[in-house]
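Chain and residue survey
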Amino acid sequence: MLGPKQNATLDNFIPGENSQALSEITACTREKQGSYLYLWGPGSSGKSHLMTAAAKAANENSHAVAYVPLAQAAELSPEMLANIEQMELVCLDDIHTIAGNSNWEEALFHLFNHAREQATNLIISANCGPSSLQIALPDLVSRLASGVSYRLIPLDDETKLYLLVDHANKRGMKLTPESANYILNNFSRDTESLLALLEQLDRASLAAQRKLTIPFIRSLIEQTNQP
Amino acid sequence: MTPWNRCIEHLENTLSDQEFNTWIRPLQVDEEATEVMLFAPNKFVLDWVKNHYQEQITLLLEQLSNGQITRVSLGIGGSRRQNEPETTPAKESRTRIRPQVKSNLNPDFVFDTFVEGKSNQLARAASVQIGGNPGRAYNPLFIYGGVGLGKTHLMHAIGNSILNNNPSATVLYKHSEGFVAAMVRALQHNKIDEFKREYRSVNALLIDDVQFFAGKERSQEEFFHTFNALFESKQQIILTSDRFPKEVTGLEERLRSRFGWGLTVAIEPPDLETRVAIIKSKAVQLFGVDFPNEVAFFIGNRVRSNIRELEGALRRIVANAEFTGRPITLEFAKEALRDMLAAQDKLVTIENIQKTVAEYYKIRTSELLSSTRSRTIARPRQIAMSLAKELTNHSLPEIGNAFGGRDHTTVLYATRKIAELKESDHRIEEDYGNLFRTLTS
């Protein structure tokens, strides 16, 4: 099971228009009180960042945490949900990916009920709102709709520009606003790909001993875009 | 920092976020001088950790403890410091006439907090009677209806009422899945007699969602005998399901027919007035907030499916009010529920933007993608491109491509042009605003 290394924390999440969601997630990592949050939004609106960061933060508050990446359901089993309601916090990532799979749907329904009984905090993410999920089990759908749901709003271009320059700075690279603009106009605009590109730029500029000029960036983007 | 903490730190830095969170994060630990015991929540996680990480963890811990720690063992459950000590020796339980039964009742689910309406009048009246006269009035009581309409609430209310009238009564609430799980556990640990005694000795047995017994034959058989024992000794049985007893599939006929022996009552979806009353009552119960009528009517009109969804809407409004410190008015509620009530809360796609813009300007989508440069087509095309940049995460080259293979600089030009026009041309500003709203709500 692979995935990017983001070192995601709640502190390094740039909230943009999502500060209310961030504040509620932070509360979920502090006290076990049967809170339930549903987060949804397009890819790279920050769902996975928030989920993994919440798991980390809760752990640092000495809370036991379970994190289930449902997008990997094919290689996992609903058995891995057994007893996890005993934890203080349960994070279920990408619940839309198990829609229509009756074994997972039923297991999640039971987990939801157990979590309510134990006052376990629950954070669930998906790519659409609860009523648009293609989940067949109505008992699960209605439960998913029973909490506060937040649509995560992706960062606007200005904030992405800031993010690029700031992250480059943290890596000790100098990225001019012009170069950052060039990236935004010519490359994928989702945050995850942008940060991955920075990592590549970091390595490539070190290896080639070159500054982050537009021609240098262009050559790397062209390589990246090659199939 | 203990060796385990250092080990965790190392794994966190080397594994992907997702991998670390999925498999290492849930482990709980007991550390001793030469041994570290790790506890997984269940067998699946245990086996995975054993197969993928145990060796690595053992090596790491040995290194990090300078050879002190030589063994890493794995188990299921919580760490010792979190496990509750076992305090019920067998001797003690033998002296009791009845095993102690935890009712599992939610004290908040009582008749006072159950809002009555036409849709649930009969079910509520029957429930109140049973609460006052269990085992005599109607036995069994079978409550059926769609999801999120209050079956479980009513069932708990009966249980709470029985206990209120007779504190020494034993009431047991179980979801059918809980019954199955308890039986499987009893079989595994050779305690099936204890299990039978527990379930057959109660004064009221409440089993939720009996449709989940479907296909579980051994559990059905056990439940059949439990049912008979309680029924014969005139103890109360209450059942719920999402459908009429005869229609519950996957159940043995003898069980289905017994479910219909007593009184079967339906709970229907609440009408508007009841939904409004529920919203107002829940707002007070859950948050101590009095919702203005117009806000309650607004939610009641827009959320019709079930009470859980009403609760979701209510929670979102209260969360927004707490976060912003603003009072709950109709406008505020509309704004708070904008995402939730969006007709299609799906994601905006470029195709969708093109279609919407074409319809708005009464032109064909194919014209947006064509090379036509006449202003009646070019302006809507520029608007559609700007919307695509604002509302999707697609790169500018991708957007250009989706508009008939145009260059990304054309997209850039279009967004600048539209930004300018929005300032100077009132009509463009209005069109853009209308389209933006259509696409996002």
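Here we summarise the structure given alongside this text. Within every chain, residues take consecutive numbers counted from 1 along the sequence as written. Here every chain gets a letter starting at A, and every ligand a number starting at 1, in the order they are written. pLDDT decides what is reported in this predicted model: residues at 70 or higher carry local features, side-chain atom pairs at 80 or more are listed and counted, and totals for whole chains, interfaces and linings draw on all residues regardless. As a convention, hydrogens and water are excluded, and side-chain values are obtained from all of the structure's heavy atoms.

1. Re the overall build of chain A
The condition is simple: Each helix is a run of DSSP H or I of at least 4 residues and each strand a run of E of at least 2, with the numbering of both proceeding from the N terminus. Contact criterion: two residues are considered in contact whenever any of their non-hydrogen atoms come within 4.5 Å of each other. Residue burial considers only the protein chains on display, and all accessible areas are found by Shrake-Rupley using a 1.4 Å probe. Here Asp and Glu are counted as negative and Lys and Arg as positive; His is not counted, and neither are the chain ends. In this description, the location of a charge corresponds to atom NZ of lysine, CZ of arginine, CG of aspartate or CD of glutamate.
On a plain count of helices and strands, chain A comes out with eight helices and five strands. N-terminal to C-terminal, the α/β element order of chain A is α-β-α-β-β-α-β-α-β-α-α-α-α. Along the three orthogonal principal directions, the C-alpha set of chain A runs to about 60 × 35 × 30 Å. Pairs at least 24 apart in sequence give 74% of the contacts found in chain A among residues at least 6 apart. Carbon and sulfur atoms provide 48% of the accessible area of chain A, an area that totals close to 9,400 Å². Here chain A contributes 17 positive and 25 negative side-chain charges, whose respective centroids are spaced 9 Å apart.

2. Here we look at the pattern of salt bridges
All names here are of chain B. Quick reminder of the rule: Take a side-chain nitrogen of Lys or Arg and a carboxyl oxygen of Asp or Glu: if they are within 4 Å of each other, that pair is a salt bridge. The classification of residues rests on relative accessible area computed with a 1.4 Å probe and restricted to protein chains. Under 20% of the type maximum is buried, over 50% is exposed, and intermediate values are partly exposed.
Scanning the model with the defined rule gives 22 salt bridges over all chains in all. For D290, the salt bridge is made with K280, and the minimal N-O distance between the two is 4.0 Å. With D290 in the loop between α12 (272-287) and α13 (293-302) and K280 in helix α12, the pair connects residues that are ten residues apart, well separated along the chain. A relative accessible area of 60% means that D290 is categorised as exposed.

3. Notes on a negative patch on the surface
The criterion, for reference: Candidate patch residues must exceed 30% relative accessible area and have no salt bridge, after which like charges are joined if within 9 Å and Val, Leu, Ile, Met, Phe, Trp or Tyr side chains if within 5 Å.
Where like charges cluster on the molecular surface, the negative patch consists of E17, D156 and E158 of chain A together with E390 of chain B. Mapped onto the secondary structure, E390 of chain B falls in helix α19 (residues 375-391).

4. Quick notes on the side chain of R406 of chain B
All names here are of chain B. Where we set the bar: In protein, a polar contact means a hydrogen-donor-capable atom and an acceptor-capable atom, both N or O and within 3.5 Å, with residues adjacent in sequence counting only if both atoms are side-chain atoms; elsewhere, any N or O pair within 3.5 Å suffices.
Summarising the element assignment, R406 is placed in the loop between α20 (396-402) and α21 (408-424). Notably, R406 is buried but unbridged: the nearest opposite-charge side chain belongs to D407, and the N-O separation is 10 Å. A polar contact of 2.8 Å, which involves the side chain of R406, links it to the backbone oxygen of S370. In this structure the side chain of R406 is engaged in a polar contact, spanning 2.9 Å, whose partner is the backbone oxygen of F403. Not counting the four nearest positions on each side in its chain, R406 is found in contact with L368, L369, S370, S371, T372, R381, M385, G400 and N401.

5. Some details on the sheet that holds strand β2 (residues 35-40) of chain B
All names here are of chain B. Threshold: For two strands to pair, DSSP has to find at least two bridges joining them. Here an axis means a line fitted to C-alpha atoms, over the contact stretch when the element is a helix, while the angle between two N-to-C directions is reported on a 0 to 180 degree scale.
Across the sheet, which stays open at both edges, the three strands sit in the order β1-β2-β3 with mixed pairing between neighbours. Two strands close off the open sheet at either side, each with one partner strand: β1 (28-31) and β3 (71-76). On average, adjacent strands in this sheet sit at an angle of 20° to one another, irrespective of strand direction. By the bridge criterion, six bridges tie β2 to β3 in an arrangement that is parallel. Looking at β3, one finds that A40 is bridged to I76. Packed onto the sheet, helix α3 (residues 43-52) meets β2 and β3 and runs at close to 160° relative to β3. Contacting β2 and β3, helix α4 (residues 54-64) crosses the sheet at an angle of about 135° to β3.

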